[in-house]
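Spelled out, the chains give:
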Amino acid sequence: MQIIKQINKRFLYITVPLIILLIIISIFFIFKNQLTSAKAHYHAGFIVFQNNKKLSFSDSKYMFIEPCALNQKSSDSTAVVQIKKAHLHDNVGDLVHIERTGAIWQDLFTNINFPIDYSNAIGYINGKKIFNFQTQSIHPYDSLVVLIGRNDSKFLKQAVTKDYMIKMAKKSTTCGD
Ligand SMILES: [Zn+2]
């Protein structure tokens, strides 16, 4: 009986508070995205090379297509907040649209459904080699070059320029751009 009592006590004073704490932490993380991410709209550029070959992201499967009505909603779901952090429009595969604050480069590759083995990739932001580039915040007119596998470093010269980003953003026909 003594043992059972002890187990009950332990359950009451340790396990129950722990479960409650876990629930609170989970709720915090689920809503954190929405609480800390405000609306924004700016652009950045990126290109990816894999084993000396430039990859294209202009295919429709990489695009975020959203009807106008959705843009006017003030409360977005967690999934919408995530996609708005970094995405592509108008079949332009190298201009990133950032429509929520708090975006990091990994958000882009998650959202376009292009998983990268970051242990086999090197990232250059604005010409500088950046360790763990995927965890870096995306700033306006940042230009990312990702080299996956073995590549010639001369590809860095092909980085998207600010002039190009401005030109392509103006051309964008996507509603709410
Ligand atoms: Zn845009």
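See the structure printed just above.
Quick notes on the rules
Residues numbered from 1 in each chain as written. Predicted model: local features only at pLDDT ≥ 70, side-chain atom pairs only at ≥ 80, totals over all residues. Helix = DSSP H or I, 4+ residues; strand = E, 2+ residues; numbered from the N terminus. Buried ≥ 20, exposed ≤ 12 C-beta atoms within 10 Å, placed from the backbone. Contact = placed C-beta atoms within 7 Å. Core = buried A, V, L, I, M, F, W, Y, C linked by C-beta atoms within 7 Å. Pairing = 2+ DSSP bridges.

(A) Just the overall build of the chain, in detail. The helix and strand inventory of the chain stands at five helices and six strands. Listing each helix as α and each strand as β along the chain from the N terminus yields α-β-β-α-α-β-α-β-β-β-α. A total of 177 residues make up the chain; the buried ones form 23% of that total. Restricting to contacts in the chain with at least 6 residues of sequence separation, those with at least 24 account for 72%.

(B) Looking closely at unusual backbone geometry. One non-glycine residue, asparagine 52, adopts positive backbone phi at about 70°. Not every positive phi belongs to a glycine, and asparagine 132 is a case in point at roughly 55°. Topologically, asparagine 132 is positioned in the loop between strand S5 (128–130) and strand S6 (143–148). According to the C-beta neighbour criterion, asparagine 132 is exposed, with 11 such atoms within 10 Å.

(C) Molecular detail of the nonpolar core. Grouped together as the largest cluster of nonpolar side chains are 25 residues, with contacts concentrated most on Phe46, Val96, Ile138 and Leu144. Mapped onto this core, the elements with two or more residues apiece are strand S1 (39–50), strand S3 (95–100), helix H4 (105–111) and S6. In terms of residue count, the dominant contributor to this core is S1 (five residues). Apart from residues lying up to four places away in sequence, phenylalanine 46 is in contact with Asp94, Val96, Leu108, Leu144, Val146 and Val160.

(D) Inspection of the pairing of S6 at higher detail. Burial runs high along S6: five of the six residues are buried. Here strand S4 (residues 121–125) runs beside S6; their pairing, made up of five bridges, is antiparallel. Within S6, the residue paired with tyrosine 124 across the bridge is valine 145.

(E) Representation of the pairing of S4 in the model. With three bridges joining them, S4 and S5 adopt antiparallel strand pairing. When the sheet's bridge partners are listed, tyrosine 124 is paired in S5 with lysine 129. Once S4 ends, the chain turns through two residues before running back antiparallel as S5, passing asparagine 126 with a positive phi of about 50°.

(F) Up close: the environment of serine 58. Within the secondary structure layout, serine 58 lies in the loop between strand S2 (53–54) and helix H2 (68–71). For serine 58, a count of 12 C-beta atoms within 10 Å translates into the label exposed. The spacing of serine 58 and leucine 95 is 37 residues in sequence and 9.8 Å in space, taken between C-alpha atoms. Ignoring any residue separated from it by four or fewer positions in sequence, one finds serine 58 in contact with Asn91, Val92 and Gly93.

(G) Molecular detail of the environment of aspartate 94. Mapped onto the fold, aspartate 94 is located in the loop between helix H3 (78–85) and S3. With 65 residues separating them in the primary sequence, aspartate 94 and alanine 159 have C-alpha atoms 9.6 Å apart. Contacts of aspartate 94, omitting those with residues within four sequence positions, involve Gly45, Phe46, Ile47, Phe57 and Val160.

Just geometry here; none of it tells us what the structure is for.
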